[in-house]
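Here are the chains, one letter per residue:
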Amino acid sequence: MISIPPHKGRGAAGNPNGRYNLESREAFDDGWDYFDIETPLHTEVSLETARTIISRNQSPDIPFEQSLNPYRGCEHGCIYCFARPTHAYLGLSPGLDFETKLTAKPEAAELLRKELQSRKYRCTPIALGANTDPYQPIERRYHITREILEVLSEFRHPCTITTKSAMIERDIDLLAPMAESNLVQVNLSLTTLKPELSRTLEPRASSPQRRLQTITRLHENKIPVNIMLAPVIPVLTDSELESILKIAAEAGAQSAEYILIRLPLEVSELFEEWLNTHVPNQAKHVINRIRDCRSGRANDPRFGTRLRGEGVYADLIAQRFRIATRRLGLDSGMPALDCSRFKSGPIQMDLF
């Protein structure tokens, strides 16, 4: 076996087959030079014709019932992303394919409009970015997230947005009026304050400093921001917990939440490969600590424990978080969004 160095600007080093593929391939050193290592990887985008756009959630530990994802895959390339295994459903790899072979839903806004106009529709906040980032780089080209926000604004429909991109500032002209009517909240994800670590953990996301500036911009425009420490990685980033919360509060964040790293399915192998490539001296320590919090496994899928972990180490992180957020005034949570303002558009039958 050979170790393939990472591609510049990409999180995963390899492209392991998804769990549904019938065959498996591995790189093997046969004595010949591996010429393809430096081949640049370009992002490919396919267009998807979806029938519906709103996904419903019944997970008891997730604080929303509805979500919407304009894109499949994510160009940010965060190596720890729990959504990577979903690419296997498309017959693609959760590795480099997840970062480079993306799917866009150009009719998302129109589909949303039709669903909101249905007589059966019941208004509850829609979560944008629950799976992949709605402001990943290809949004500059497709503008699907902005079109969705225009529809939500028109219908006075509440939403939350989860992102780690400064591109959200582009849409302040839409978000500020929505925030004034208590129709939007932003979850800004921050993993580390170290630029060099961020460049390899989440290579195409905005830098930590740039995200802090985004928090300030949103705060100045009275758009509520919840800081997401997501994920907290034992050994690697957990020592920054208090400093991240402090600087986020100073930038204008109103509340905070955290998620302990979880490594479902193919993410475990990809993350361990990343550790051995970028922080080999800490790799074993990181994995052992994660297993300490996951009943000896890389991932614990049980509701109630999958987001926080359990055991002595997980409890220590939880206690530190509670103390820090209480001291900084970030422990009150975000107020409930206003669903009473929702107003469906004209239904064709009403015109007669």
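Look a little higher up for the structure.
Position numbers for residues count from 1 along each chain, tracking the sequence in the order it is written. Thresholds applied to this predicted model are a pLDDT of at least 70 for local features of residues and 80 or more for the giving and counting of side-chain atom pairs; totals over whole chains, interfaces and linings are not thresholded and use all residues. Side-chain metrics in this entry use all non-hydrogen atoms of the structure; hydrogen atoms and water are not considered.

**Things to note about the pattern of salt bridges**
Consideration 1: By definition here, a salt bridge exists when the distance from a side-chain nitrogen of Lys or Arg to a carboxyl oxygen of Asp or Glu is within 4 Å. Tallied over the entire structure, the rule returns 24 salt bridges.
Consideration 2: In this structure, the salt-bridge partner of Asp61 is Arg306, at a minimum N-O distance of 2.8 Å. Of this pair, Asp61 sits in the loop between strand S2 (54-56) and strand S3 (66-68) while Arg306 sits in the loop between helix H10 (283-293) and helix H11 (312-328), and the two are 245 residues apart along the sequence.
Consideration 3: Relative accessibility under 20% of the residue-type maximum defines a buried residue, over 50% an exposed one, and the middle range a partly exposed one, all with a 1.4 Å probe and only protein chains included. In this structure Arg306 comes out as buried when scored by relative accessible area, which is 12%.
Consideration 4: Two residues, Glu65 and Arg122, come together in a salt bridge whose shortest N-O distance is 2.8 Å. Of this pair, Glu65 sits in the loop between S2 and S3 while Arg122 sits in the loop between helix H2 (108-117) and strand S6 (126-128), placing them 57 residues apart in sequence. Only DSSP runs of H or I with at least four residues qualify as helices, and only runs of E with at least two residues qualify as strands; both kinds are numbered from the N terminus onward.

**So, unusual backbone geometry**
Consideration 1: With an omega of -5 degrees, the peptide bond between Ala230 and Pro231 qualifies as cis.
Consideration 2: Along the chain, Pro231 turns up in strand S9 (residues 225-232).
Consideration 3: Unusually for a residue other than glycine, Lys222 sits at a positive phi of about 60 degrees.
Consideration 4: The residue Lys222 is located in the loop between helix H7 (208-220) and S9 in this model.
Consideration 5: One non-glycine residue, Leu265, lies in positive phi territory at about 50 degrees.
Consideration 6: Leu265 gets classed as exposed once you look at its relative accessible area, which sits at 54%.

**Focus: empty space enclosed by the protein**
Consideration 1: Buried and open spaces are told apart on a 1 Å grid over the protein atoms alone, a cavity being a set of points where a 1.4 Å probe fits but cannot get out and a pocket being an open set with protein on both sides within 12 Å along at least five of seven lines. Residues with an atom within 4 Å of a point are the lining residues. Grid points are joined across faces, edges and corners, and a volume is the space filled by probe spheres set on the points. Scanning the entire structure with this criterion turns up 1 cavity of 30 Å³ or more.
Consideration 2: Approximately 30 Å³ is the volume attributed to the largest cavity.
Consideration 3: Along the walls of the largest cavity sit Leu190, Thr191, Leu229, Ala230, Pro231, Val232, Thr237, Leu241 and Ile244, which together make up its complete lining.
Consideration 4: Contributions of two or more residues to the lining of the largest cavity are made by S9 and helix H8 (241-251).
Consideration 5: Examining the composition of the lining of the largest cavity, we find that 4 residues originate from one element, S9, more than from any other.

**Observations concerning the environment of Gly77**
Consideration 1: Take Gly77: it is sitting in the loop between strand S4 (71-72) and helix H1 (96-100).
Consideration 2: Relative accessible area serves as the criterion here: at 0%, Gly77 is assigned to the buried category.
Consideration 3: Spatially, the C-alpha atom of Gly77 lies 8.6 Å from that of Thr100, the residues being 23 residues apart in sequence.
Consideration 4: It only takes one pair of heavy atoms within 4.5 Å for two residues to be counted as in contact. When residues no more than four places from it in sequence are discounted, the contact partners of Gly77 are Gly11, Arg84, Glu99, Leu201 and Pro203.

**Focus on the pairing of S9**
Side-chain direction in a regular strand flips from residue to residue, so the side chains alternate between the two faces of the sheet.
Consideration 1: The buried fraction of S9 amounts to 8 of the 8 residues, a majority that puts the element mostly inside the structure.
Consideration 2: When strand S8 (residues 184-189) meets S9, the two strands line up parallel, connected through 4 bridges. The partner of Asn187 across the bridge, within S9, is Asn226.
Consideration 3: When DSSP finds two or more bridges between a pair of strands, those strands are recorded as paired. Inspection of the sheet shows S9 paired to strand S10 (residues 255-260) by 5 bridges, in the parallel sense. Bridging from a neighbouring strand, Asn226 pairs with Ser255 of S10.
Consideration 4: Note on handedness: a clockwise path from strand one over the helix to strand two, with the strands aimed away from the viewer, defines a right-handed crossover. In this fold, S9 hands off to H8, which returns the chain to S10; that crossover is right-handed.

**Concerning the state of the cysteines**
Consideration 1: Disulfides are defined as cysteine sulfur pairs within 2.5 Å. Across all of its chains, the model carries 0 disulfides by this definition.
Consideration 2: Cysteine Cys123 shares no disulfide, and the gap to the nearest cysteine sulfur, in Cys339, comes to 4.1 Å.
Consideration 3: A residue is classified by how much of its surface remains accessible, and Cys123, at 16% relative accessible area, is buried.
Consideration 4: Here Cys293 is not disulfide-linked; the sulfur of Cys81 is the nearest cysteine sulfur, at 20 Å.
Consideration 5: The class for Cys293 is buried, based on a relative accessible area of 1%.

**Details of the packing of helix H4 (residues 144-154) against helix H5 (residues 172-180)**
Consideration 1: Here the axes come from fitting lines to C-alpha atoms, over the contacting stretch only for helices, and the angles between their N-to-C directions go from 0 to 180 degrees. The contact between H4 and H5 brings their axes to 10 Å, and the two run at 30 degrees. Classified by the angle between their axes, H4 and H5 sit roughly parallel to one another. The two elements H4 and H5 meet at a crossing, and its hand is left-handed. Contacts between H4 and H5 involve Arg146, Leu149, Glu150, Leu152 and Ser153 from the first element and Asp173, Leu174, Leu175 and Met178 from the second.
Consideration 2: A breakdown of the residues in the contact of H4 with H5 according to their chemical character gives 5 nonpolar, 1 polar and 3 charged. Roughly parallel refers to an angle under 35 degrees, roughly antiparallel to one over 145, roughly perpendicular to one between 65 and 115, and oblique to any angle outside these ranges. If you view the pair so one helix is near and one far, a crossing is left-handed when the near helix is turned anticlockwise from the far one by less than a right angle, and right-handed when it is turned clockwise. Side-chain classes follow a simple rule in which Ala, Val, Leu, Ile, Met, Phe, Trp, Tyr, Cys and Pro form the nonpolar group, Asp, Glu, Lys and Arg form the charged group, and the remainder, Gly included, forms the polar group.

**Quick notes on the nonpolar core**
Consideration 1: By size, the foremost hydrophobic cluster in this structure holds 92 residues, and its most contacted members are Leu112, Leu152 and Phe271.
Consideration 2: Per-element accounting of this core gives the leading share, 6 residues, to H11.
Consideration 3: Apart from residues lying up to four places away in sequence, Phe271 is in contact with Ile79, Tyr80, Ile233, Ile261, Leu263, Val286, Ile287 and Ile290. Here, nonpolar core means buried Ala, Val, Leu, Ile, Met, Phe, Trp, Tyr and Cys residues that are tied together by side-chain atoms lying within 4.5 Å of each other.

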